[in-house]
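# Residue-level structural notes
What follows is the residue order along each chain.
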Amino acid sequence: MLNIVLFGPPGAGKGTQSEKLIDKYKLVHLSTGDIFRYNIKNATELGTLAKSYMDKGQLVPDEVTIKMLEAEVNKHANAKGFIFDGFPRTHNQAEALEKFLASKNTSITLMLALEVEEQELKKRLLLRGKDSGRADDKDPEVIQKRINVYNAETAPVKSFYESQKKYVGVNGIGSIDDIFKSLCNAIDTF
Ligand code: AMP
């Protein structure tokens, strides 16, 4: 299996690049943010809970997120591999994912990180907020909070994969196609 963690701060382009990668490598795309938004749209209990955190730019608690992610993976028994987009976002989530995949006799192949500086992220998120319909992209304070949470809780997850020699950083600034080429090159030469 080819299991990729697509990593990077909010606005780095994970969703855009995931769509292109799943097409090329025939992987299943699991975006925890998208799954939460689907639940919000369908007014599920999980959606109501997730919304209370997402609207403030906070992380949904690990226990809830991990359980949801595992259930999604289990829905795709015949997958050739997965792109995990927006997960893991904490050290606990990374450890849980490792144990869960080991129980299925598989593991993360590599973490691909889109590297984009903070000013550019804020610009992109505000632009996306104009037509994405995402409340968390419209409010500069919520955007700042998400970036702060990323720096404090998510960025350290890099070292989890670095210590396993599975971390590859890619410049996330440039055209969508050029960044996609860099990601493909990183996968093909790993
Ligand atoms: P995203 O679509 O990846 O930008 O995620 C939007 C929001 O969903 C985040 O700001 C969090 O509130 C929540 N979220 C998504 N993925 C996770 C995760 N792995 N752990 C906790 N919260 C998450």
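None of these values were measured; they are calculated from a predicted model.

Basis of the calculations
- Residues numbered from 1 in each chain as written.
- Predicted model: local features only at pLDDT ≥ 70, side-chain atom pairs only at ≥ 80, totals over all residues.
- Heavy atoms only, no water.
- Near = heavy atom within 4 Å.
- Polar contact = N/O pair within 3.5 Å; in protein donor to acceptor, adjacent residues only side chain to side chain.
- Areas by Shrake-Rupley, 256 points an atom, 1.4 Å probe, with all protein chains shown as cover.
- Helix = DSSP H or I, 4+ residues; strand = E, 2+ residues; numbered from the N terminus.
- Buried < 20%, exposed > 50% of the residue type's maximum accessible area, 1.4 Å probe, protein only.
- Contact = heavy atoms within 4.5 Å.
- Axes fitted to C-alpha atoms, helices over the stretch in contact; angles between N-to-C directions.
- Parallel < 35°, antiparallel > 145°, perpendicular 65-115°, else oblique.
- Left-handed = near helix turned anticlockwise from the far one by under 90°.
- Nonpolar A, V, L, I, M, F, W, Y, C, P; charged D, E, K, R; others polar.
- Expected span 1.5 Å × (residues − 1).
- Arc of directions from axis to C-beta.

### Here we look at the site of the ligand
Taken together, 16 residues surround the ligand, and among them Thr 32, Arg 37, Gln 58, Gly 86 and Gln 93 come closest. Take Gln 58: an N or O atom from its main chain is 2.6 Å from an oxygen atom of the ligand. Within the side chain of Arg 134, an N or O atom sits 3.1 Å from an oxygen atom of the ligand. Isolated, the ligand exposes 480 Å² of accessible area, and the fraction of that covered by the protein chains is 96%.

### Remarks on the side chain of Thr 65
Relative to the helices and strands, Thr 65 is located in helix H4 (residues 62–74). The class of Thr 65 is buried, set by a relative accessible area of 4%. Polar side-chain contacts of Thr 65 include one of 3.0 Å to the backbone oxygen of Pro 61. When near neighbours in sequence (up to four residues on either side) are disregarded, Thr 65 contacts Thr 32, Phe 36, Val 60, Phe 87 and Gln 93.

### Here's the deal with the packing of H4 against helix H5 (residues 91–103)
Contact pair H4 / H5: the axes reach a minimum separation of 10 Å and the direction vectors enclose 30°. The angle between H4 and H5 falls in the class roughly parallel. Considering the relative orientation of H4 and H5, their crossing is right-handed. Taken together, the residues of H5 that come into contact with H4 (itself represented by Asp 62, Thr 65, Ile 66, Leu 69, Glu 70, Val 73 and Asn 74) are Asn 92, Gln 93, Ala 96, Leu 97 and Phe 100. Looking at the contact of H4 with H5, its residues break down into six nonpolar, four polar and two charged.

### As for helix H9 (residues 176–188)
The end-to-end C-alpha distance of H9, which contains 13 residues, comes to 18 Å, matching closely the 18 Å that a straight helix rising 1.5 Å per residue would cover. Residues of H9 that are buried: Ile 179, Phe 180, Leu 183, Cys 184, Ala 186 and Ile 187. Taken end-on, H9 shows its buried residues confined to a sector of 160°, consistent with a single buried face. Summarising the contacts, the buried residues of H9 are in contact with strand S1 (2–7), helix H1 (14–25), strand S4 (110–115) and strand S5 (167–171).

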